[in-house]
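What follows is the residue order along each chain.
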Amino acid sequence: MSTSNGHGVEVVIEHVRKSFEGGLIRSLEDVNLRIEPGEFISLMGPSGSGKSTLLNLIGALDRPDSGSISVGARRIEDLRNPAEYRAEIVGFVFQLHHLIPTLSALENVQMPMLGRHHSRKAREARARELLNEVGLSHRLNANPGTLSGGERQRVTIARALANRPRLLLADEPTGALDSVTGVRIMALLQKLREQYQMTTLVVTNDVAIAAIADRAYRMRDGRVEPLDEPPTPGAERQPEQA
Ligand SMILES: Nc1ncnc2c1ncn2[C@@H]1O[C@H](COP(=O)(O)OP(=O)(O)OP(=O)(O)O)[C@@H](O)[C@H]1O
Ligand SMILES: [Mg+2]
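Turning to unusual backbone geometry, a few remarks are in order. Here the phi dihedral of Gln197 falls at roughly 60°; this positive angle occurs in a residue that is not glycine. Residue position: Gln197 is located in the loop between helix H6 (179–196) and strand E8 (199–203). Notably, Asp221 is not glycine yet its phi reads approximately 50°, a positive angle. Note on placement: Asp221 falls in the loop between strand E9 (215–220) and strand E10 (223–226).

In structure tokens:
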């Protein structure tokens, strides 16, 4: 396919707001974030702080109320065909695996490639290569139900990489795993990032994982801020009246 595929894209998020329930739930208040091409970013934050909301917007699964999100040359708000953008640019890894239980690992990894002008042979070869990369060449024909949690997560990572995404979005990819397996999965993501040079954004609540990232952020009060930034004194209180 296009030779630019496989290289990370820049992501620029400016003044993004997103609320639900007619404005009652203000998930994102004013999100600003710039991710360099090929960077590996972690995003932490308490439950309900808007992490998944933000990933959904970047992945064009939902639309911001206002503000703009650019991924490479594309402005997400202007996309005519979000499905095409997702297939061409984005790889998703979710905590819940969404693997098709009746298909083998090899078949699951081929799913995103269906209908994308690959021959059957090419699809299968690519899926084998990816499953090999994630250390599952001995489990190609296994159905998800017979794989361990960490193995299933590795299949979803292989599947997310099927179309050589330029941007990988991972929503708590290690949340359902024990911490040792979680760290292994992160090391794998990092290795794959180095290999394929895609921009990677990982939502996690594990500080060990945040520490691996090039830059670590957290969500707070509907905003994204650097993780190491100390809370600004006085930010929550108004200047005292004389
Ligand atoms: N489709 C929706 N409709 C209504 N409210 C929503 C919707 N999606 C998210 N929300 C609300 O927006 C807020 C942020 O949700 P979000 O899923 O982004 O949080 P999160 O940081 O990913 O949390 P968690 O760590 O639990 O996954 C929550 O209050 C949630 O209930
Ligand atoms: Mg979430």
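As a further point, take the pairing of E10. Where E9 and E10 come together, 4 bridges link them in antiparallel fashion. Paired with Arg220 across the two strands is Arg223, which belongs to E10.

The local shell around ligand 1 consists of Phe20, Glu21, Ile25, Ser27, Gly45, Ser47, Gly48, Ser49, Gly50, Lys51, Ser52 and Thr53. Per-element tally for the shell around ligand 1: the top contributor is helix H1 (residues 51–58), with 3 residues. The residue inventory of the shell around ligand 1, partitioned by class, reads 2 nonpolar, 8 polar and 2 charged.

Further remarks concern the sheet that holds strand E1 (residues 11–20). Taken in spatial order, the 4 strands make up an open sheet running E2-E1-E4-E5, and their pairing is antiparallel. Unpaired on one side and paired on the other, strand E2 (25–35) and strand E5 (74–75) mark the two borders of the sheet. Summarising the sheet, E1 and E2 pair through 7 bridges and their orientation is antiparallel. Bridge pairing links Phe20 to Ile25 in E2.

Conventions used here
Residues numbered from 1 in each chain as written. Chains lettered and ligands numbered in written order. Predicted model: local features only at pLDDT ≥ 70, side-chain atom pairs only at ≥ 80, totals over all residues. Helix = DSSP H or I, 4+ residues; strand = E, 2+ residues; numbered from the N terminus. Pairing = 2+ DSSP bridges. Near = placed C-beta within 6 Å. Nonpolar A, V, L, I, M, F, W, Y, C, P; charged D, E, K, R; others polar.

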